[in-house]
Amino acid sequence: MSTSLANRFRLPLAKTLRVIHLVFISVFVLTTFLFWQQGKLFSHGYRTSQLSHLESVVARIESKAHYKIDNLRFLKRIFIEAMDDPIFPGAAIVPSEIKGDSDSSPLWIGELPLPDIIAEDLVARGEETMEVRQELYALRKIQGLFPLASAENELSADLYYISRDGEFIVSLSQEVNSLLIRSYNPHEKQGSFVLASPLLNPHREPFWTRQNIATDNKTLINGSIPVDFGGEWIGLLGIAFDNQAVQEFLADSLPESTQSAYQLFDEQLQPLTGVVGAVNNVQLSAEQLQTIRQTLESTSRGTMRSGTVFITFGKIVGTQSVLISTQTLSQGLHEDFGRFSILLITMWVIFVLFLWGAHRMICRLVRNMGSLQREMQHHALHDDLTGALNRRGFFAKTSQISPNYVDYTLVQLDLDHFKKVNDVYGHLVGDNVLIHATRRIQRAIRSQDILGRIGGEEFCIYLPDSDLKAGIMVATRIKWELEASALILEDGTALPVTASLGVASSSEHPQYTLEQVQSVADMRMYTAKARGRNQVCWQDDEIQA
Ligand SMILES: Nc1nc2c(ncn2[C@@H]2O[C@H](COP(=O)(O)OP(=O)(O)OP(=O)(O)O)[C@@H](O)[C@H]2O)c(=O)[nH]1
């Protein structure tokens, strides 16, 4: 039996477990990678959706602003037509409202901070009367159209006209009027009035400006269009929104059930409005605003993540303002992408738990199988009673190692009168004698020697690297060991145990196989029996004798 039987029984447990670990780790890594990729797609989708939400708000604001500017264009055309073809009603020179003697109407309020050039004075003095009258007539004509631009459900914008020659201001609302007057200074080199000049605005385009009213801590956002007549720049038609109006304007532009907080800023990123939408308590830091500012220098839209807060921002074309939206993690989780992300993470966790459980179960199964195999292997190769190798185990093991040794010796051992022990004392005592004998034999041999119980009361001992002489010595030692120690029975009886031993060495017959050497030792053991038992025999000729 050249192939080791033990090898056939051996389960490559460590290797199997290594393969299992490797397979599970690969599945874990691959799946996590796939989940991760999916997560990245979600993240990209989330970013895109945030940008598109912001863009839709920006587009609404831009379109509303556009609508207002279109109104201004329309009013300007009417105004110029009226200037072109003035039909003065009666002999009225200046509408009474201009004089300030009527407070019944909120319309046509005229006030000027510069007493020497006020409209009343101009009219009273008869200077420039025609032009002023023309302007006032044109204004009166478009007066009826003003509410169209500030109809209900629209932004409460306020139209105004600033006359250049007459240097007066008229507007729809007292409040805006007073704010405009406080902010207006015809000698200032900046502001909407100056920006309407042909020098700074050669194409006479509408434009947006912002005026800070320090006294009221307010900001006016102005949409303006220059008005020219007869080749002369005569004034400015405008529309003004204060912070509150802009905030309402922004709130009206948000999509329903938004999960983000929106705020409008000027181009220096100073807030123009409060926070509207799904208000959170995110406060943008100076560093974050600086990053947004820098990003907007090169692009019109952008996103950034700060911890668990997602920030989206974009310029609003024409109005020189910036819209910023912020969304916290908990707000994001209420959106579709948030819900998908939770689902994805949950699926990943469930999968990992499942994988972990399956891995543990399979490893345990393999280990159990391994120990079962080891147990089976042990049973297959060992004698249950004595624990020594059985016949199969003995020959499997010795066949495996004998090619490594040129010289080896076999001692064949058979207990004497064992049948009698069984018959007199019973099988249980017989079994104890076998156990006892095994222990004694083991005490008499070296650790590298191999003991096998190859029959009922028959043993064989393989002595590697030993010649016949060494074998005789070991066999004699075994005989003495057995002789010297009788088995003490329960009733105190000392039961002597002896054996007959035959010794044969490979050096005697170098061409013999292990089995052949063993049968020589067996014959010599029978010779020992024949010679009276309890002795060692190592010669063949004595068998014939
Ligand atoms: N108790 C017990 N008896 C066994 C076992 N295996 C074999 N036997 C008995 O061992 C006895 C062997 O008897 P024999 O082959 O006649 O040999 P012997 O009585 O020792 O006589 P000699 O060998 O000539 O000295 C038989 O009665 C078997 O039943 C075992 O595992 N336990």
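Residues numbered from 1 in each chain as written. Predicted model: local features only at pLDDT ≥ 70, side-chain atom pairs only at ≥ 80, totals over all residues.

### A few points about the overall build of the protein chain
Scanning the protein chain from N- to C-terminus turns up 18 helices and 17 strands. When each of the 545 residues of the protein chain is scored for burial, the buried share is 32%. Excluding contacts between residues fewer than 6 apart, the proportion of contacts in the protein chain whose partners are at least 24 apart in sequence is 63%. (Helix = DSSP H or I, 4+ residues; strand = E, 2+ residues; numbered from the N terminus. Buried ≥ 20, exposed ≤ 12 C-beta atoms within 10 Å, placed from the backbone. Contact = placed C-beta atoms within 7 Å.)

### Examining the sheet that holds strand E10 (residues 321-327)
Strand order in the open sheet made by the five strands is E7-E6-E10-E9-E8, with antiparallel pairing throughout. Each edge of the open sheet carries a strand with a single partner, namely strand E7 (276-277) and strand E8 (301-306). Where strand E9 (residues 309-316) lies against E10, seven bridges are found, and the strand directions are antiparallel. Within E10, the position partnered with Lys 315 by the bridge is Val 322. Where helix H2 (residues 13-84) meets the sheet, it contacts strand E6 (261-266), E8, E9 and E10, and its direction lies at approximately 35° from that of E9. (Pairing = 2+ DSSP bridges. Axes fitted to C-alpha atoms, helices over the stretch in contact; angles between N-to-C directions.)

### Overview of the packing of helix H14 (residues 418-425) against helix H15 (residues 427-444)
Contact geometry of H14 with H15 gives a least axis separation of 6 Å together with a crossing angle of 140°. By the angle class used here, H14 and H15 are oblique. Residues Phe 418, Val 421, Asn 422 and Tyr 425 of H14 lie in contact with H15, whose contacting residues are His 427, Val 429, Gly 430 and Val 433. Looking at the contact of H14 with H15 residue by residue, the class counts come to five nonpolar, three polar and no charged. (Parallel < 35°, antiparallel > 145°, perpendicular 65-115°, else oblique. Nonpolar A, V, L, I, M, F, W, Y, C, P; charged D, E, K, R; others polar.)

### Some thoughts on the sheet that holds strand E17 (residues 536-537)
Paired through their backbone hydrogen bonds, the strands of a sheet run either parallel or antiparallel. The five strands are arranged E12-E13-E11-E16-E17 in an open sheet whose pairing can be described as mixed. The open sheet has two free edges, formed respectively by strand E12 (450-453) and E17, since each of these has just one partner strand. With two bridges connecting them, strand E16 (residues 499-505) and E17 associate as parallel partners. Directly across from Gly 502, in E17, lies its bridge partner Cys 537. Sheet strands touched by helix H13 (residues 391-401): E12 and strand E13 (458-464). Its angle to E12, the strand with the most contacts, is close to 150°. Sitting on the sheet, helix H17 (residues 514-530) touches strand E11 (408-415), E13, E16 and E17, and the angle it makes with E16 is about 145°.

### Some details on the site of the ligand
Taken together, 17 residues form the shell around the ligand, and within it Phe 418, Lys 419, His 427, Gly 430 and Gly 456 come nearest. Of all the elements in the fold, those that place two or more residues in the shell around the ligand are E11, H14 and H15. Here the residues of the shell around the ligand sort into four nonpolar, five polar and eight charged. (Near = placed C-beta within 6 Å.)

### A few points about the pairing of strand E4 (residues 218-229)
For a regular strand, side-chain orientation follows a simple rule: the groups alternate between the two sheet faces. Within E4, nine of the twelve residues are buried, which leaves the element mostly enclosed by the surrounding structure. In terms of strand pairing, E4 meets strand E5 (residues 232-241) through nine bridges, oriented antiparallel. Along E5, the bridge assignment pairs Ile 221 with Phe 241. The antiparallel hairpin formed by E4 and E5 contains two residues in its connecting segment, where Gly 230 sits at a positive phi of about 55°.

### Some points on the environment of Phe 310
With respect to the element layout, Phe 310 can be found in strand E9. Sequence-wise, Phe 310 and Tyr 46 are 264 residues apart; in three dimensions their C-alpha atoms are separated by 9.9 Å. Excluding its chain neighbours within four sequence positions, the residues that come into contact with Phe 310 are Gln 50, Thr 303, Arg 305, Gln 327 and Gly 332.

### Quick look at helix H16 (residues 468-484)
Count 3.6 residues to each turn of an α-helix, and residues three or four apart come out pointing the same way. The terminal C-alpha atoms of H16 lie 24 Å apart, and with 17 residues this matches the ideal 24 Å at 1.5 Å per residue to within 8%. Where H16 is concerned, the buried positions are Gly 471, Val 474, Ala 475, Ile 478, Lys 479 and Leu 482. Viewed end-on, H16 has its buried residues packed into an arc of 140°, placing them on one side of the element. Of the exposed residues in H16, the ones pointing more than 90 degrees away from its buried face are Trp 480 and Ala 484. (Expected span 1.5 Å × (residues − 1). Arc of directions from axis to C-beta.)

### Observations concerning unusual backbone geometry
At Arg 204, a position not held by glycine, the phi torsion is positive, near 55°. Within the fold, Arg 204 resides in the loop between helix H8 (191-195) and strand E3 (207-213).

### Examining the nonpolar core
In terms of nonpolar packing, the biggest core is built from 47 residues, with Val 57, Ile 61, Leu 237, Val 246, Leu 323 and Ile 324 touching the most fellow members. Among the elements that make up this core, the one with the highest residue count is H2 (ten residues). In contact with Val 57, other than residues within four places in its own chain, are Ser 253, Leu 254, Tyr 262 and Leu 323. Of all hydrophobic cores here, the second largest spans 41 residues; its members include Ile 441, Ile 450, Phe 459 and Cys 460. (Core = buried A, V, L, I, M, F, W, Y, C linked by C-beta atoms within 7 Å.)

### A short note on the UniProt feature "transmembrane region" (unreviewed entry) in the protein chain
Feature annotation in UniProt assigns "transmembrane region" (unreviewed entry) to the following positions: residues 16-36 and 337-358. The span residues 337-358 shows a helical share of 100% and a strand share of 0%, and its end C-alpha atoms are spaced 31 Å apart. (UniProt positions renumbered as here; feature names shortened; annotations may be inferred.)

### Quick notes on the confidence of the model for the protein chain
Mean pLDDT over the protein chain works out to 82, with 78% of the residues at or above the 70 mark. Mean pLDDT across the secondary structure elements of the protein chain bottoms out at helix H3 (residues 96-99), with 41, and peaks at E12, with 98. This stretch, residues 89-123, has a pLDDT under 50; its non-local contacts, to residues over four places away or in other chains, come to 58 contacts. Listed scores for the predicted complex are pTM 0.60 and ipTM 0.95. (pLDDT = per-residue confidence, 0-100.)

### A few points about the pairing of E8
Relative to E9, E8 runs antiparallel, the two sharing six bridges. Residue pairing for E9: Thr 303 is matched across the bridge by Thr 312. Once E8 ends, the chain turns through two residues before running back antiparallel as E9, passing Gly 307 with a positive phi of about 65°.

### So, the packing of H2 against helix H9 (residues 243-253)
Each pair of packed helices can be described by the angle between their axes along with the distance between the axes. One can describe the packing of H2 onto H9 by two numbers: an axis separation of 9 Å at closest approach and a directional angle of 125°. Considering their axes alone, H2 and H9 lie oblique with respect to each other. H2 and H9 meet at a crossing whose hand is right-handed. Contacts between H2 and H9 involve Val 57, Arg 60, Ile 61 and Lys 64 from the first element and Phe 249, Leu 250 and Ser 253 from the second. Split into classes, the residues belonging to the contact of H2 with H9 amount to four nonpolar, one polar and two charged. (Left-handed = near helix turned anticlockwise from the far one by under 90°.)

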